[in-house]
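These are the residues of each chain, in order.
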Amino acid sequence: MKISIKKTVLTTGLSVLMMTSAAMAGSSYSKYNTTVGRFNGNGYTGYQKKSISGANGNIRSTNVGGDYVVDVRMSSSSGNGSWVRNLDDKDNRSLSGSSKMKKGCSVRAHFSNDWNTPVSVQVTGSWKSN
């Protein structure tokens, strides 16, 4: 009987811990380091799980290579947020959410260069989807 109770308590505790970690995934900052291709090219962060449906995210830029700026938005298979224009070094900006981005859906930050940017641009920083 004691072993059964211990197993139940341990299993319940692990389940609660896993659910808490999954729910907080989008509310924690994740680092990114990606290359945005030249001439209107694209770059992407890794995915996060939304923890709040439709909520705005946030991006903290550390460095945008060279003397360039990039545009960024939150992106998912269910919809995209609006573009944030001209992200530069040390910018801290809000990323608009989409009502189609429901809690638990996978979201990533999508970067894009201007049509006339002749080089690939390295971008680094951290972001969260909320």
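The structure presented is a predicted model; accordingly, all values stated were derived computationally and were not measured. (Residues numbered from 1 in each chain as written. Predicted model: local features only at pLDDT ≥ 70, side-chain atom pairs only at ≥ 80, totals over all residues. Heavy atoms only, no water.)

Asker: Which parts of the structure should I look at to understand the packing of aromatic side chains?
Answerer: Given two aromatic rings, their pairing is described by the distance between the two centres and the angle made by the two planes. Following the criterion strictly, the structure yields 1 aromatic pair and no others. For Arg-60, the ring lying beneath its charged end belongs to Tyr-29, and the centroid distance is 3.8 Å. Taking NZ or CZ as reference, Arg-108 lies 3.8 Å from the ring centre of Tyr-44, over its face. (Phe/Tyr/Trp six-rings, centres within 6.5 Å; stacked < 30°, edge-to-face > 60°. Lys NZ or Arg CZ within 6 Å of the ring centre and 35° of its normal.)

Asker: Where do I start with the nonpolar core in this structure?
Answerer: As a rule of thumb, nonpolar side chains are buried together in soluble globular proteins. In this structure, Ile-59, Val-70, Val-72, Phe-111, Val-123 and Trp-127 are the most contacted members of the largest nonpolar core, which totals 18 residues. Sorting the residues of this core by element identifies strand S1 (30-36), strand S4 (57-64), strand S5 (70-76), strand S7 (84-87), strand S9 (106-112) and strand S10 (121-128) as the ones contributing at least two each. (Core = buried A, V, L, I, M, F, W, Y, C linked by side-chain atoms within 4.5 Å. Buried < 20%, exposed > 50% of the residue type's maximum accessible area, 1.4 Å probe, protein only. Helix = DSSP H or I, 4+ residues; strand = E, 2+ residues; numbered from the N terminus.)

Asker: Looking at this structure, I do not really get unusual backbone geometry. What am I missing?
Answerer: Glycine aside, negative phi is the norm for most residues, and most peptide bonds take the trans geometry. The phi torsion at Asn-86 lies on the positive side, around 60°, for a residue other than glycine. Non-glycine residue Asn-130 carries a positive phi angle of around 65°. With respect to the helices, strands and loops of the structure, Asn-130 is situated in the segment after S10.

Asker: Looking at this model, I keep getting lost on the pattern of salt bridges. Mind explaining?
Answerer: Here the idea is simple: oppositely charged side chains can pair when their charged atoms come close. Going through the model one piece at a time under the given rule, you end up with 2 salt bridges. One salt bridge connects Asp-71 with Arg-85, and the closest N-O pair in it is separated by 2.9 Å. On the criterion of sequence distance, the pair formed by Asp-71 in strand S5 and Arg-85 in strand S7 is long-range, its members being 14 residues apart. Given the relative accessible area of 7%, Asp-71 is considered buried. In this structure, Arg-93 engages Asp-91 in a salt bridge whose closest nitrogen and oxygen atoms are separated by 3.2 Å. With a relative accessible area of 26%, Arg-93 lands in the partly exposed category. (Salt bridge = Lys/Arg side-chain N within 4 Å of Asp/Glu carboxyl O.)

Asker: Just checking my understanding: could you explain the environment of Thr-124 for this structure?
Answerer: Mapped onto the fold, Thr-124 is located in strand S10. Sequence separation between Thr-124 and Thr-45 is 79 residues; the distance between their C-alpha atoms is 9.7 Å. With residues near it in sequence (within four places) discarded, Thr-124 still touches Tyr-32, Asn-33, Arg-60, Ser-61, Thr-62 and Asn-63. (Contact = heavy atoms within 4.5 Å.)

Asker: Would you mind showing me how to read the sheet that holds S4 here?
Answerer: One open sheet holds the 4 strands; their spatial order is S1-S10-S4-S8, and the pairing between them is antiparallel. Single-partner strands in this sheet number two, and they are S1 and strand S8 (92-95). Across the sheet, the mean angle from the axis of one strand to that of its neighbour is 30°, orientation sign disregarded. Sheet topology note: the S4/S8 ladder contains 4 bridges and is antiparallel. (Pairing = 2+ DSSP bridges. Axes fitted to C-alpha atoms, helices over the stretch in contact; angles between N-to-C directions.)

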